[in-house]
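# Residue-level structural notes
Here is what each chain is made of, one letter per residue.
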Amino acid sequence: NGKAQKKRLRAVARSAIKRTKKTPAATDAQVDELLTDPEKFCCPILQCLMDDPVVAEDGFTYERHAIQSALTHRWRSPMTGCDMGDTVLPINRLKSEIKAYKDEVVEKIVERVPRITSPSRAAKLLDRAEELLRPNGPALSESATKKLKTVLLLRRKLPPDYHGDAIPELLDLLLSDKDANTLIELLEDYESLRIADWTESLDFNTLLDLHWVGWQHGFPSRCQDLFDTELVSRLAKVASDAVDLQTEVDSVNDLWSISLELSKSTKQNCWVKTAALVFTSFWRDIGLLDDVKLGSLSEDLLKLAVIFMQDPKLAASDAEELWGCDLQLRQIQLPMNNKRADVLLELAERQIDDRQAKLELLLKAREADPHNWGVRKALKPLLLEMLDLEDRIDMECTLIDVCLEDDTEIPKQMLAKLQLEAESLQDLSATSLMTLAWQLSEDRPTDAARVAVLAAKKHEADENLDQAHKAFVLAYRWDLRNEDAREQMIEICAETSSRYMDLQMECNHLKAEVARLKATSVTWCLEEGVNFYPDKFPASRSYGVRSPHFYFSHFEGWMEFFPRGVAQAQASKASFQMFLNPTELLMNRLQGRQRPSTSLSLRAMVRLGSVEHSAKVRIVGNQDCWQPKLALPNFVDSCEVNAEDDNWITELTVEFSEMCFHTRDGPPPPTAALRCLLVDVETCSLDTAGSLTIAHPVCCL
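### Details of helix 23 (residues 430-443)
- Relative to the 20 Å expected for 14 residues at 1.5 Å per residue, helix 23 spans 21 Å between its end C-alpha atoms, a close match to the ideal helical length.
- Of all the positions in helix 23, only Ala 430, Ser 432, Leu 433, Met 434, Leu 436, Ala 437, Gln 439, Leu 440 and Ser 441 are classed as buried.

Laid out in structure tokens, this is it:
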């Protein structure tokens, strides 16, 4: 076996030597031949190969655009100098020959370049091949693309100084052809190709394609890390500086999907941190990361997110250190407590066997967001379970608070186990303490009183004195021996007594004010200059003046004043009388009642200076209403009325303070003869004098 193997190796070596002899290295002459174009295929104007040959009127062959451009300057032949027109005709046969020549030259270059030892000469030939393959107009054909890819693959075997832009272009061609094997083979030569130097020049779509092709087919790790880092860096900058919503949504979603995949498939901490930063900044924003499920995220990612949500400034610093941008985290000024509570809840639900760790996470979540319903739902059964197992727990305050938030009362089986130490109850609100006290009052009244005192003190601290007094009263009712409640009850009783006296005085004052506000007052001012003509009427008694008419509520009225009194008045007495005329609406109401004796009474107060007279005016529904309703013959002493040269100056005020209906028989109304007794109309004359002022009440009569 060993001898046979040696024979086979010698045969392979001999065949290799023969092939080498058959394919000798290309000579300089052969290289120069490939670099030189036949004269018949070259344009005499451009001195290079023609792509679109045409024959002009002078019989020579030119490149179409070259001869057309030359004839625009002068109508002469570039070769003979003779005049000629601008007519040109295509030469399809020559065009085909030129194309065949180009293909032949490219094939010879591809064949001979591997045997050229000089990199510079090989580079010249490859430049020549690329020049022949790249068209001036339309895009590359499929066959030309394959040849160009072969040429670029040959160029990448040259030293890096001769690569130029060949490698990025080659990547694009391989990606478009989905030639993953060749692409992987190319990227394995990481150092010689200097991939790190030209990665930044790749466009975004190429980087994105390289990322996904690499994850599907497995690029070399260094290349994959380089492409991923450049791609994530660009996406992070776009997400941080996006000027429109759609750009932000697209960039953030791409950034999240890529960083999440990288965090799952690699062990590098930077990708987990990147995913946590993106999650912290954009989770639950409008249109961003809407389909993210917390259960699908790793525990390391969620723990980092909790730290970043607690301190957005720290998160922004880490993002800037990693990617040179803050991922919009600088715009967040306060801790993201609502998000943090949900993440902590997810971490707690994963602690299946570690009850203490689960409790700590739930307590942190509750501290972050006390109103999170999911946290309360998970925390309550856990605390009750721990209370059943241990008969007491150190977090009675939290347990009570959680129970009272979800329900109106605490389970009775739990009440008996509560220690109710003052320190454990300090964090409860006054409302929760009172709810607890009411439940304890049935079986544990002493403890109920103690809890009620704590609630009362909290109310006092919040300056809610009414609720504090109520709590102290209940505490005293439940436990008469509670010293705090007893002392406060003494103070409350004293304060209540003092308050009662103050309120009584205030009530009396308000009653007087209400009575004043209800009154309608009519003030009649007899102006200076009203003269009673004593020479014309020597007997000045029964002579008076009449006020203008006044109106209020459902009445029309006027007043009459006699400074020397009426005939029936006592000596030196001034008299007063007033007439009221109800409106038709009021009389209809009075006459419409069932009993004919229905009447309406008005209580009035007549005041002149310091003299006051109280009287009641009655209006009867079945009597003539044109009658004097109020007569005060001995109203005031005449000497109290100012009189100088018979110019009387006085001010009369009438206040109506009450109006009520009467339906039972009362005293007979004054008759028409009463007026005649009060005033002798034949011996007196009444002049209208003075002015009236009417003050209506807040609530009219």
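### Brief notes about the sheet that holds strand 2 (residues 61-63)
- The strand order across the open sheet formed by 3 strands is 2-1-3, and the pairing between neighbours is antiparallel. In this open sheet, the two edge strands, each paired with only one partner strand, are strand 2 and strand 3 (89-90).
- Relative to strand 2, strand 1 (residues 53-55) runs antiparallel, the two being bridged by 3 bridges. Looking at the pairing, Val 54 lines up with Tyr 62 of strand 2.
- Sheet strands touched by helix 3 (residues 64-73): strand 1, strand 2 and strand 3. Its angle to strand 2, the strand with the most contacts, is close to 95°.

### Description of the pattern of salt bridges
- Tallied over the entire structure, the rule returns 23 salt bridges.
- Close ionic contact of Glu 104 with Lys 108 constitutes a salt bridge, the shortest N to O distance being 3.2 Å. Taken together, the residues span about one helical turn, with Glu 104 and Lys 108 both in helix 4 (residues 92-112) at a distance of 4 residues.
- When its relative accessible area of 25% is taken as the criterion, Lys 108 is described as partly exposed.

### Concerning the pairing of strand 7 (residues 555-562)
- Burial of strand 7 is extensive: 8 of the 8 residues sit out of reach of the surface.
- Where burial is concerned, the two faces of strand 7 agree: the one with Phe 555, Gly 557, Met 559 and Phe 561 and the one with Glu 556, Trp 558, Glu 560 and Phe 562 are both buried.
- Where strand 5 (residues 544-546) and strand 7 come together, 2 bridges link them in antiparallel fashion. Across the sheet, the residue bridging to Arg 546 is Glu 560, located in strand 7.
- Pairing geometry for strand 6 (residues 550-552) and strand 7, over 3 bridges, is antiparallel. Paired with Phe 552 across the two strands is Phe 555, which belongs to strand 7.
- Bridge count between strand 7 and strand 8 (residues 573-582): 8 bridges; the pairing is antiparallel. Residue pairing for strand 8: Trp 558 is matched across the bridge by Phe 579.

### A short note on the side chain of Gln 488
- Structurally, the position occupied by Gln 488 is in helix 26 (residues 483-518).
- Of the residues examined, Gln 488 reaches a relative accessible area of 17% and is grouped as buried.

### Considering unusual backbone geometry
- Positive phi values are uncommon outside glycine, yet Gln 47 reaches one of about 60°.
- By the element assignment, Gln 47 lies in the loop between helix 2 (28-35) and strand 1.
- A positive phi angle is found at Glu 463, which is not glycine, with a value near 60°.
- With respect to the helices and strands, Glu 463 occurs in the loop between helix 24 (445-461) and helix 25 (465-478).
- Under the relative-accessibility criterion, Glu 463 is labelled exposed at 69%.

### Brief notes about the confidence of the model for the protein chain
- Per-residue pLDDT for the protein chain has a mean of 78; in total, 80% of the residues score no lower than 70.
- Mean pLDDT across the elements of the protein chain bottoms out in helix 28 (residues 672-678) (36) and peaks in strand 1 (93).
- Below pLDDT 50 for its whole length, residues 19-24 participates in 2 contacts with residues either more than four positions away or in separate chains.
- Note that pLDDT drops below 50 for residues 665-684; the model gives that stretch 26 contacts with residues more than four away or on any other chain.

### What to know about the environment of Val 252
- Within the secondary structure, Val 252 is located in helix 13 (residues 245-265).
- Sequence separation between Val 252 and Leu 288 is 36 residues; the distance between their C-alpha atoms is 7.0 Å.
- Look past the residues within four positions of Val 252 in its chain and what remains in contact with it is Ala 239, Phe 282, Leu 288 and Leu 289.

### A short note on the packing of aromatic side chains
- Going through the model one piece at a time under the given rule, you end up with 8 aromatic pairs.
- Ring geometry for Phe 41 against Tyr 101: centres 5.5 Å apart, planes inclined by 50°, an arrangement best described as tilted. Linking Phe 41 in the loop between helix 2 and strand 1 with Tyr 101 in helix 4, this pair joins segments that are 60 residues apart in sequence.
- Judged by centre distance (5.7 Å) and plane angle (35°), the rings of Phe 576 and Phe 635 are tilted. Placement of Phe 576 in strand 8 and of Phe 635 in strand 11 (residues 628-637) is noted, with a sequence separation of 59 residues between them.
- Here Phe 576 falls in the buried class, since its relative accessible area comes to 1%.
- The rings of Trp 256, Phe 279 and Trp 283 are connected pair by pair, giving a single aromatic cluster.

### Here we look at helix 15 (residues 299-310)
- Taking 1.5 Å per residue as the helical rise, helix 15 with its 12 residues ought to reach 16 Å, and the 17 Å between its terminal C-alpha atoms agrees with that figure.
- Close packing links the buried residues of helix 15 with helix 13, helix 14 (269-282), helix 16 (312-323) and helix 17 (337-349).

### Observations concerning the nonpolar core
- One finds Trp 256, Phe 279 and Leu 436 to be the most contacted residues of the largest nonpolar core, which totals 149 residues.
- Here Phe 279 is in contact with Trp 256, Leu 289, Val 292, Leu 294, Leu 297, Leu 301, Ala 305, Met 309 and Val 343, once residues within four sequence places are set aside.
- Met 559, Ala 574, Val 611 and Leu 652 belong to the second largest nonpolar core, which has 29 residues in total.

Calculation notes
Residues numbered from 1 in each chain as written. Predicted model: local features only at pLDDT ≥ 70, side-chain atom pairs only at ≥ 80, totals over all residues. Heavy atoms only, no water. Helix = DSSP H or I, 4+ residues; strand = E, 2+ residues; numbered from the N terminus. Expected span 1.5 Å × (residues − 1). Buried < 20%, exposed > 50% of the residue type's maximum accessible area, 1.4 Å probe, protein only. Pairing = 2+ DSSP bridges. Contact = heavy atoms within 4.5 Å. Axes fitted to C-alpha atoms, helices over the stretch in contact; angles between N-to-C directions. Salt bridge = Lys/Arg side-chain N within 4 Å of Asp/Glu carboxyl O. pLDDT = per-residue confidence, 0-100. Phe/Tyr/Trp six-rings, centres within 6.5 Å; stacked < 30°, edge-to-face > 60°. Core = buried A, V, L, I, M, F, W, Y, C linked by side-chain atoms within 4.5 Å.

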